[in-house]
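# A structural walkthrough
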Amino acid sequence: CGQGVEKIVINCGGVRHETYRSTLKTLPGTRLSWLTEPDAFSNFDYDPKLDEFFFDRHPSVFSFILNYYRTGKLHCPNDVCGPLFEEELAFWGIDETDVEACCWMNYRQHRDAEEALDSFETPEPDAPDDDPALGGADGDLKRLCLQEDARRAGWWKTWQPKIWALFEDPYSSKYARYVAFGSLFFILISISTFCMETHEAFNTILNKTENVTVGNLTREEIVYEVVTDSWLTYVEGVCVIWFTIEVLLRVIFCPDKVEFFKSTLNIIDFVAILPFYLEVGLSGLSSKAAKDVLGFLRVVRFVRILRIFKLTRHFVGLRVLGHTLRASTNEFLLLIIFLALGVLIFATMIYYAERIGAHPDDPAANAHTNFKNIPIGFWWAVVTMTTLGYGDMYPETWSGMLVGALCALAGVLTIAMPVPVIVNNFGMYYSLAMAKQKLPKKKNKHIPRAPQPGSPNYCLGGDCPLAQEEIIEINRDSKQNGDAASAALANEDCPTIDQVLSPDERSPIGRGPTRERYQQDRACFLLNTREFRATDGNVRKGTSGNRRGKRFCFGRSAERTGRRPHARTRSALVC
Amino acid sequence: MGLSDDKDRIVINVGGIRHQTYRSTLRTLPGTRLSWLAEPDAPNHFDYDAKIEEFFFDRHPGVFAHILNYYRTGKLHCPADVCGPLYEEELAFWGIDETDVEPCCWMTYRQHREAEEALDSFGGGGLLDLGNDDAEPEQEHGEDDVDEMTRRLAHGDSPDVRSGTLWSRWQKHVWALFEDPYSSKYARWVALASLFFILVSITTFCLETHESFNPIINRTEVELVDNVTVEHTYQEPETAAYLTYIEGVCVVWFTFEFLMRITFCPNKFDFIRNALNIIDFVAILPFYLEVGLSGLSSKAAKDVLGFLRVVRFVRILRIFKLTRHFVGLRVLGHTLRASTNEFLLLIIFLALGVLIFATMIYYAERIGANPNDPRASEHTQFKNIPIGFWWAVVTMTTLGYGDMYPQTTSGMLVGALCALAGVLTIAMPVPVIVNNFGMYYSLAMAKQKLPKKKNRHIPRAPQPGSPNFCKSSISSQHQSPVAHDDVFEINYKAGMSIFFF
């Protein structure tokens, strides 16, 4: 009969789960552990008739959560999507770092992917928000704010985002598409010119006579100079003018100048047009110094090839590639280390192997072989390991051939091993980018539940982040419940806290124009939610000694993406 | 009939979900936890609710359905939606031997185990213990997280920490300093220094062989041949002196490192058995021998020196010291060890292909021979089959140096076939190895990225009479991962478990 009290029934989404109270107590400070507290009946949806607690959550995920209490190991279900599990974890107040190592990668994957997505989406997905006609609920709010702005600031406010979108986001409007085509056309022309310039047919060699004074004697000297056909220079000039206009307009109309100059692409834009102007400016001068600078600039011309990176604005695939490379830096390094290791080992081996058959009279013992020293062997090892096989060097002794065969085999494996990791990254990002592109515009039909004090939703705030009623709730809550309870619940409800991420997690969102576009919103949001923050402060203070509170702050990093619109909603409401 | 049916039926409530079966079904696997339920005195040992006539177990209900199905059908399959270790733990709890898993599910079931074994070895490098205190003893690395608490408890009691003699306190610190680059700030400096010296030493090693650092010196030697003194002039390459000095400095550092490590290692035997440490030792040895012998001028010493000059190449082994610093290299090492079979397969495939195609090319190239040529090999580079091996390897790996190539039509046909076969031969076993690598790598990365566990789970107190009661006896039998409470339980239950078996 003592066991009757000991057992507890939790009805989760209609499925009855039964466990011991002692099991729930194994994780103090979580939602389920509060169930074991004496006042749980009043705080949660308790049915005295059936003697069970009701939670309106996913039942099968809950069995995994409950299993964590039983076994002390948190595994992820394989058949649910990561964010869903994440949300459940957050609801039940379990820290995601408790996930076992075997499931962590699975669990983490979608998060990495989402972070990546945030960086892809720079222009496209948010673009319609700029267009008031297209926005959904968000758009309405946005429009409200915008109109207010427009009334105050006038011309600049209306046109700045439009022109910025025109040049930044090729898909924002019909005109933007024309601009993008123009840009694409000029990029291609400029790149073709760049390549053709180096062909002999476009480079005539001119004999120039020059007066050189040596001592007191003036002597005529013939200098050969390579002169590029002038029409190529004119073509290049036209391209540069277009690029200059583009850069200038983008600089003028960008919403955040600092962000703009921090972007690598914009720096490339700038650097790629600079040499032309310098060259034109200096060609007028005939001083010796100007000549030297010109000669240098002729070499620096190669920065023009960087213009090819402008194409990333136009092709999603290139952005995916860039992102893959950034995300796979580790694997890239690994590949290089593997290769370096193999190269070192095999270069050494081939060096000694080829010396075995040396003639005794040969002091350096390398007259008969291509492998005169180890450093030159590096080249051979690279050519062999990548299975290039130019044939400029090859082993000629039996022992050398053996080493060569081993080297080729090792090379196949060495290259083959880290590459799939990078390729997988690419595949993931690419499919995500494609998914984002193909994903139809969200209708967002889900109407969040109204908060029901006294019901389980009462504690649920975090998952239906709503209007100010909650703020009131939080205060009430903190008075009512125990310390731990209030902390966890309140923090869950507090939007400022879910923005509190570890700095590295935060950076991808903070950066990028997407975010900046809402600068206005955010500012207004921060201004008007002072009371909100105060609440937050209270809660935090109240639980400073409590680990649970902090845990929630970081544990909740999950739904940033999902939460952003809510945050905006709230701000608008507060406005 | 109906009565016996009723008596035979049994209700098991697992985690709130009621499962119903016959007692006879449960008896199909004697010696398991569920089979004890069928015994008459079961209600006393388990959590039995007499009112509703059901047994209660506080376990995962979904997995239990699979377990019960094993009793019903005699075939144990794995659920696809749960992680391997979870299923493993449930199996251990219910007392079912994991070898009963059907072959179709065995691979998926087994996968995670291999991966975990691999993980333990990555753990050794201390990457997992990024947040650990410096004071944390090194022995903890690579051991299971689960046991951490018990170990810590045991550790607190152990006398060597309490009494804190100088040696036992510093031994761990110094050992961590040299062994685990991430254990502290100073360890990082030591690791950086070590890395620096490794790179310098490897660079020196490679440069030494370059002609510009090896001026050829004419030496005269006076030799006595039949009472006549003959001046004998010979040329000898001599390495530039400063390279030797640099090498000397590196060797001094490596020696110092090695000595520190051997002095402060907690287990000398394990230390000596470790291949990396042997490499450390072997790679510094030749330098000392060379220095020691260079003073002597006897003939024997000269011979040994000449030999040592060749043996210098063991210095390249120092590159393996890098494995301490790069987790990727450890993953590589582990992959190679785990993929020995596939590696052998690859070599066998290749050897087979090489043999076949070397033979084919030899005869194919002889077809167009001049009848006057007795050996029929004048016109071709494929003079014999062994030299054809080289060509076959170069072709099959798609290297194509171009030093040898078929020149007759039939030879070209063979060459084309050889290249095709090579692509397939290499392509088939490589993905297996690559998959292994991918798995280990993602695991290693998971371990790296996995935030420090807070391990807030407080194990339940052992409850005699509850289902956990039987847990110890079973898990100790099946060598399953034992929860900490079991550690305390085992002693207590030792007597009781005899009853069950």
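Residues numbered from 1 in each chain as written. Chains lettered and ligands numbered in written order. Predicted model: local features only at pLDDT ≥ 70, side-chain atom pairs only at ≥ 80, totals over all residues. Heavy atoms only, no water.

The name given to chain B in an unreviewed UniProt entry is Potassium voltage-gated channel, Shaw-related subfamily, member 1b, with Hippocampus comes as the source organism.

What counts, and what does not: UniProt positions are given in the numbering used here, feature names are shortened, and annotations may be inferred rather than shown by experiment.
Chain A carries the name Potassium voltage-gated channel, Shaw-related subfamily, member 3b in an unreviewed UniProt entry, which gives Hippocampus comes as its organism. Per UniProt, the comment on chain A under Catalytic activity (unreviewed entry) is "K(+)(in) = K(+)(out)".

## Observations regarding the nonpolar core
Which entries qualify depends on this criterion: Joining through side-chain atoms within 4.5 Å is the link that ties buried Ala, Val, Leu, Ile, Met, Phe, Trp, Tyr and Cys residues into a set, and such a set is a nonpolar core. For every residue, the accessible area (1.4 Å probe, protein chains only) is compared with the maximum for its type, and the residue is labelled buried under 20%, exposed over 50%, or partly exposed between those bounds. Helix and strand assignments come from DSSP, with helices taken as H or I runs of at least 4 residues and strands as E runs of at least 2, each series counted from the N terminus. Contacts: residue pairs with any heavy atoms within 4.5 Å of one another.
Counting 89 residues, the largest nonpolar core has Trp380 of chain A together with Trp391, Val430 and Phe437 of chain B as its most contacted members. Examining the composition of this core, we find that 14 residues originate from one element, helix α17 (residues 329–355) of chain A, more than from any other. Once residues lying within four places of it in the same chain are set aside, the contact partners of Trp380 of chain A are Phe346, Ile350, Phe371, Met393, Tyr394, Pro395, Val403, Gly404 and Cys407 of chain A together with Tyr401 of chain B. Phe53 of chain A together with Leu37, Tyr70 and Trp94 of chain B belong to the second-largest nonpolar core, a separate cluster that totals 64 residues.

## Topic: the UniProt feature "transmembrane region" (unreviewed entry) in chain B
Per the UniProt record, the feature "transmembrane region" (unreviewed entry) sits at residues 186–205, 240–259, 271–289, 343–364, 385–402 and 414–443 of chain B. Taken end to end, residues 186–205 of chain B has its terminal C-alpha atoms 28 Å apart, with 100% of it in helix and 0% in strand.

## Overview of the sheet that holds strand β4 (residues 52–55) of chain A
Residue and element names in this part refer to chain A. Here is the rule: Strand pairing is defined by DSSP finding a minimum of two bridges between the two strands. Interaxial angles span 0 to 180 degrees and are taken between N-to-C directions of axes, which are lines fitted to C-alpha atoms, for helices over the stretch in contact.
Strand order in this open sheet of 4 strands is β2-β1-β4-β3, and the pairing throughout is mixed. The open sheet has two edge strands with one neighbour each: β2 (15–20) and β3 (46–47). Judged from the 4 bridges that link them, strand β1 (residues 7–12) and β4 form a sheet pairing that is parallel. Residue Asn11 lies in a different strand from β4, and its bridge partner there is Phe54. Where helix α5 (residues 59–71) meets the sheet, it contacts β1 and β2, and its direction lies at approximately 5° from that of β2.

## Looking at the packing of helix α17 (residues 340–366) of chain B against helix α20 (residues 430–449) of chain B
Residues and elements named next belong to chain B. Operational definition: Any angle from 65 to 115 degrees is called roughly perpendicular, while one under 35 is roughly parallel, one over 145 is roughly antiparallel, and all others are oblique. Handedness of a crossing follows from how the near helix is turned relative to the far one, being left-handed for an anticlockwise turn of less than a right angle and right-handed for a clockwise one. Polar here means any residue outside two lists: the nonpolar Ala, Val, Leu, Ile, Met, Phe, Trp, Tyr, Cys and Pro, and the charged Asp, Glu, Lys and Arg; Gly therefore counts as polar.
In the contact formed by α17 and α20, the axes pass within 9 Å of each other and the chain directions differ by 155°. The orientation of α17 relative to α20 falls into the category roughly antiparallel. The handedness of the crossing between α17 and α20 is left-handed. Judged by residue contacts, Glu342, Phe343 and Leu346 of α17 engage Val430, Val432, Ile433 and Asn436 from α20. Residue composition of the contact of α17 with α20, by class: 5 nonpolar, 1 polar and 1 charged.

## A look at the sheet that holds strand β2 (residues 17–22) of chain B
All names here are of chain B. The 4 strands are arranged β2-β1-β4-β3 in an open sheet whose pairing can be described as mixed. The two strands at the open ends of the sheet, each matched to only one other strand, are β2 and β3 (48–49). Note: strand β1 (residues 9–14) against β2, 6 bridges, orientation antiparallel. Bridge assignment links Ile12 to a residue of β2, and that residue is His19. The sheet strands contacting helix α5 (residues 61–73) are β1 and β2, and the helix crosses β2 at an angle near 5°.

## Some points on the interface of chain B and chain A
For clarity, the cut-off: Note: buried area is the sum, over both parts, of the accessible area (probe 1.4 Å) each one loses when the two are combined. Every case where a carboxyl oxygen of Asp or Glu lies within 4 Å of a side-chain nitrogen of Lys or Arg is listed as a salt bridge. Any N or O atom pair separated by 3.5 Å or less is treated as a polar contact, with the protein-specific requirement of one donor-capable and one acceptor-capable atom, and with residues adjacent in sequence counted only for side-chain atom pairs.
On the side of chain A, 86 residues touch chain B, which itself brings 81 residues to the contact. Counting each side, the surface lost to burial between chain B and chain A is near 7200 Å², with a carbon and sulfur contribution of 67%. Connecting chain B to chain A are 3 salt bridges. Our enumeration of links across chain B and chain A arrives at 16 residue pairs in polar contact (both at pLDDT 80 or more). At 10 residues, the largest contribution of residues to the side of chain B that touches chain A is made by α20 of chain B. Each residue belonging to the side of chain B that touches chain A can be placed in one class, and the counts come to 47 nonpolar, 16 polar and 18 charged.

## Re unusual backbone geometry
Residues and elements named next belong to chain B. One non-glycine residue, Glu53, lies in the positive phi region at around 55°. Along the chain, Glu53 turns up in the loop between β3 and β4 (54–57). Residue Glu53 is classed as exposed on the basis of its relative accessible area of 53%.

## A look at a nonpolar patch on the surface
All names here are of chain A. Quick reminder of the rule: Candidates for patches are residues over 30% relative accessible area with no salt bridge; among them, like charges are joined within 9 Å and nonpolar side chains (Val, Leu, Ile, Met, Phe, Trp, Tyr) within 5 Å. The protein chains shown are the only cover counted for residues, whose accessible areas, like all others here, come from Shrake-Rupley with a 1.4 Å probe.
Taken together, Leu321, Leu325, Phe332, Ile336, Phe426 and Tyr430 make up a surface patch of nonpolar side chains, about 520 Å² in accessible area. Counting only elements with at least two residues in the nonpolar patch, the list comes to α16 (316–327), α17 and α20 (418–438). Position of Phe332 among the secondary structure elements: in helix α17. Look at Phe332 and you get partly exposed, because its relative accessible area is 41%.

## Observations concerning the packing of helix α10 (residues 166–179) of chain B against helix α12 (residues 241–264) of chain B
Residues and elements named next belong to chain B. Interaxial distance between α10 and α12 falls to 9 Å at its minimum, and their mutual angle equals 140°. Judged on the interaxial angle alone, α12 and α10 are oblique. Crossing of α10 against α12: the hand is left-handed. On α12, the residues that touch Trp167, Trp170, Gln171, Val174, Trp175, Phe178 and Glu179 of α10 are Phe256, Glu257, Met260, Arg261, Thr263 and Phe264. Taken together, the residues of the contact of α10 with α12 sort by class into 8 nonpolar, 2 polar and 3 charged.

## Some details on the UniProt feature "transmembrane region" (unreviewed entry) in chain A
Residues and elements named next belong to chain A. In this numbering, the UniProt entry assigns the feature "transmembrane region" (unreviewed entry) to residues 175–194, 231–253, 260–278, 332–353, 374–391 and 403–432. Here residues 175–194 is 100% helix and 0% strand, with 28 Å between the C-alpha atoms at its ends. For the annotated span residues 374–391, helix accounts for 67% and strand for 0% of the residues, and the straight-line distance between the end C-alpha atoms is 18 Å.

## Section: the pairing of β1 of chain A
Residues and elements named next belong to chain A. The element β1 is extensively covered by neighbouring structure, given that 6 of its 6 residues are classed as buried. On β1, burial covers both faces: Lys7, Val9 and Asn11 on one face and Ile8, Ile10 and Cys12 on the other are all buried. Sheet topology note: the β1/β2 ladder contains 6 bridges and is antiparallel. Looking at β2, one finds that Cys12 is bridged to Val15. Between the antiparallel neighbours β1 and β2 lie 2 residues, among them Gly13 with a positive phi of about 60°.

## Re the pairing of β4 of chain B
Residues and elements named next belong to chain B. Alternating positions in β4 separate into two faces, Glu54 and Phe56 on one and Phe55 and Phe57 on the other, with burial throughout. By the bridge criterion, 4 bridges tie β1 to β4 in an arrangement that is parallel. Across the sheet, Ile12 pairs through a bridge with Phe55, a residue of β4. With 2 bridges connecting them, β3 and β4 associate as antiparallel partners. Pairing of Asp49 across the sheet is with Glu54, part of β4. A loop of 4 residues connects β3 with β4, the two strands running antiparallel in sequence, and Glu53 in this loop sits at a positive phi of about 55°.

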